[in-house]
Amino acid sequence: MRLALIGTGYVGLVTGACFAEVGHHVICVDNDPAKIKLLQEGGIPIYEPGLKELVERNVAAGRLSFTTRTEAGVQASDVVFIAVPTPPLPDGSVDLSFIEKVAREIASAMTSYKIVVDKSTVPVKTGDKVAETIKRYCKAKVEFDVVSNPEFLREGFAVEDLMHPDRVVIGVKSPRPVNTMKQVYAPFNAPIIVTDINSAELIKHASNSFLALKISYINAISVICEATGANVQEVANGMGMDERIGRRFLDASLGFGGSCFPKDLSAFIKIAEQVGYEFGLLKEVQKINTVQMERFVKKIADTLWVLKDKKIGVLGLAFKQNTDDVRMSPAIDLCQRLQKEGALLRVHDPKAMEKAQAVLKDVTYVGDMNAVADGCDALVVATEWDEFKKLDLARCREAMTHPILFDGRNLFDPVEMEKLGFIYKSIGR
Ligand code: UDX
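The notes below deal with the structure included here.

Rules behind the numbers
- Counting restarts for each chain, with residues numbered from 1 along the sequence as it is written.
- Only residues with pLDDT of 70 or above have their local features reported here, since the model is predicted, and side-chain atom pairs are shown and tallied only from 80 upward, although totals for entire chains, interfaces and linings are computed over all residues.
- Note: side-chain values were computed over all heavy atoms of the structure, leaving out hydrogens and water.
- For two strands to be treated as a pair, DSSP must find no fewer than two bridges joining them.
- Under the scheme used here, helices are H or I runs from DSSP no shorter than 4 residues and strands are E runs no shorter than 2 residues, and both carry numbers assigned from the N terminus.
- In this analysis, two residues are considered to be in contact whenever any of their non-hydrogen atoms come within 4.5 Å of each other.
- Comment: axis = line fitted to C-alpha atoms, over the contacting stretch for helices; angle = value between 0 and 180 degrees taken between N-to-C directions.
- By convention in this text, a residue qualifies as near a molecule or strand provided that one of its non-hydrogen atoms is within 4 Å of it.
- Think of a polar contact as two N or O atoms within 3.5 Å of one another; within protein, one of them needs to be a possible hydrogen donor and the other a possible acceptor, and neighboring residues in sequence only count if both atoms come from side chains.
- Domains are outlined according to an automatic or database domain assignment.
- Here a Phe, Tyr or Trp ring, Trp counted by its six-membered ring, pairs with any other such ring whose centre lies within 6.5 Å, and the pair is stacked when the planes are under 30 degrees apart, edge-to-face when over 60, and tilted otherwise.
- Burial here depends on accessible area, computed with a 1.4 Å probe over protein chains only, as a share of the maximum for the residue type. Under 20% is buried, over 50% is exposed, and the range in between is partly exposed.
- By the criterion adopted, a ring carries a charge over it if an Arg CZ or a Lys NZ lies within 6 Å of its centre and within 35 degrees of its normal.
- Look down the strands so they point away from you; if the path from the first strand over the helix to the second goes clockwise, the crossover is right-handed.
- The salt bridge definition used is simple: a Lys or Arg side-chain nitrogen within 4 Å of an Asp or Glu carboxyl oxygen.
- Small angles under 35 degrees read as roughly parallel and large ones over 145 as roughly antiparallel, with 65 to 115 read as roughly perpendicular and the rest as oblique.
- Two helices crossing with the near one rotated counterclockwise from the far one by less than a right angle form a left-handed crossing, whereas a clockwise rotation gives a right-handed crossing.
- The nonpolar class holds Ala, Val, Leu, Ile, Met, Phe, Trp, Tyr, Cys and Pro. Asp, Glu, Lys and Arg form the charged class, and all remaining residues, Gly among them, are polar.

A sheet is described by the order of its strands in space; here 6 strands give the open sequence β11-β10-β9-β12-β13-β14, paired in parallel fashion. Single-partner strands in this sheet number two, and they are β11 (364-365) and β14 (423-425). Note that strand β9 (residues 311-315) and strand β10 (residues 344-348) share 5 bridges and pair parallel. Bridging from a neighbouring strand, K311 pairs with L344 of β10. Lying over the sheet, helix α12 (residues 280-304) contacts β9, β12 (378-381), β13 (404-407) and β14, oriented at roughly 170 degrees with respect to β13. Of the strands in this sheet, β9, β10 and β12 are in contact with helix α13 (residues 330-340), which crosses β10 at around 160 degrees.

With that out of the way, let us pick up the site of the ligand. Around the ligand lies a shell of 20 residues, among which E155, D251, S253, K320 and R409 are the nearest. One of the side-chain nitrogen or oxygen atoms of E151 is found 3.0 Å away from an oxygen atom of the ligand. Ranked by residue count, the leading element in the shell around the ligand is helix α9 (residues 197-228), at 3 residues. Looking at which domains feed residues into the shell around the ligand, each of domain 1 (2-190) and domain 2 (211-425) gives three or more.

Bringing the packing of aromatic side chains into the picture now. For the coordinates displayed, the defined rule picks out 8 aromatic pairs. With centroids separated by 5.1 Å and ring planes inclined at 40 degrees, the aromatic side chains of F19 and F81 adopt a geometry described as tilted. You can see F19 sitting in helix α1 (residues 10-21) and its partner F81 sitting in strand β4 (residues 79-82), a full 62 residues away along the chain. Comparing F19 with F81, the two get one shared label, buried. Three or more aromatic residues link up through ring pairs in this structure, and these residues are F19, F81, Y185 and F188. The residue whose ring lies beneath R167 is F152, and the NZ or CZ to ring-centre distance is 3.6 Å. Above the ring of Y47, the side-chain terminus of K351 is found at 4.5 Å from the ring centroid.

Quick look at the environment of K299 now. In this structure, K299 sits in helix α12. Counting along the chain gives 126 residues from K299 to K425, while the straight-line C-alpha distance between them is 8.1 Å.

What follows is about the pairing of β13. Neither face of β13 is left uncovered, since the one carrying I404 and F406 and the one carrying L405 and D407 both have all their residues buried. Direction of pairing for β13 relative to β14: parallel, over a ladder of 3 bridges. The residue bridging F406 from the neighbouring strand is K425, located in β14. In this region the chain leaves β13, passes through helix α16 (residues 414-419) and returns to the parallel neighbour β14; the handedness of that crossover is right-handed.

Turning to the pattern of salt bridges, a few remarks are in order. According to the stated counting rule, one finds 31 salt bridges in the structure shown. The closest approach of N and O atoms between D386 and K389, which form a salt bridge, is 3.0 Å. Within this structure, E143, D145 and R176 form a network of salt bridges that share partners.

To continue, consider the packing of helix α11 (residues 261-274) against α12. For the pair α11 and α12, interaxial distance at closest approach is 9 Å and the crossing angle is 155 degrees. Our classification of the angle between α11 and α12 gives roughly antiparallel. Like other packed secondary-structure pairs, α11 and α12 cross with a definite hand, here left-handed. On the side of α11, the interface is formed by L265, S266, F268 and I269, while α12 contributes L282, K283, V285 and Q286. Across the contact of α11 with α12, the residue classes break down as 5 nonpolar, 2 polar and 1 charged.

Here it is in structure tokens:
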């Protein structure tokens, strides 16, 4: 099939590359000429495991190309996916101006029947607005269908999630686009659920809010564990064995972040408010997340007594492992909170140092994870990178003024750490 992806960010680029990988002809469109030039020259603007190889292979096979011209993408394709950002506004609601602009651009480029698919995360009822806009701005007055097809990819595992989806949600107003959409997804062999557009849009916000709720739930349990001497990992393992609960997303941490959960929670609370429902449960999820970070900072401050002029090493800047994304990263938030108290930071991340430099100033960026601890009064794990588990702990211990480790991701074993001579404090254990 011939597909266009409008918006070549995390979602658009990875989705486009995966569609090409299963044999579709894909044009990725973006209005950022620098990004398109980089892609045309073989560069990749983001770090995502497996993406570079996927893009290279499909560009070479002639199935994947890049352009700044929406018109070119729309006219060459049967199905046009909207994958542009939907950032938060100051009041927590969603800025839909990119979606509206792209809907107008698609409308004016359309000269024959098209299926226009919204892949971006949008509030319920956006599909109606997109359809209205296309109808208004389509000079050629051709027929079209609007479909809601939310993405469920996790950054850092985006290629894997897209190639092997748990489910594909297709929200439609009429049966006309269903077969074509099923053909687009047939090669992925995933269960497909066809719903109305409003339900499809709600599935996305309801799913992400539920996952955030799951994390806040285990983080709340971690507080009780700390107060009673229980171990939150053992509690999570025991809970997770119940198939109705499941073990995933029950890892206690210093809090969740990223470009999705915080934004989608605020948006969903706002959407509920607009239909007259106060979603107190989700407000509590947000509160627990903020308190979890405050508790972690307090733990560091209580142990070191005074933070001013203390040297602290921070491992991890990305909002989670396997990504270079630092948007709404708890690790960056932590660094800034420590800096506010006067601490001097030495920081490292395997992939996110470049992106972090734009938002985190006046710290020492260290290339070697084992050298972060040099001369430090404490070491902090802020992101759950697997490679941090291979840290040369004996070297770190010797290089520190005093071996104190705060583990915001429960990467290490408390008993082992104590044996190694560390004062070790983690989450809920
Ligand atoms: C999320 C959803 O998982 C995905 O389905 C959706 O399409 C986009 O939003 P993403 O933001 O990429 O994906 O990251 P995710 O893996 O969900 O993690 C979000 C945050 O929660 C991270 O900061 C992560 O470290 C944290 N987290 C996750 C925990 O603290 N504990 C957990 O058990 C899981």
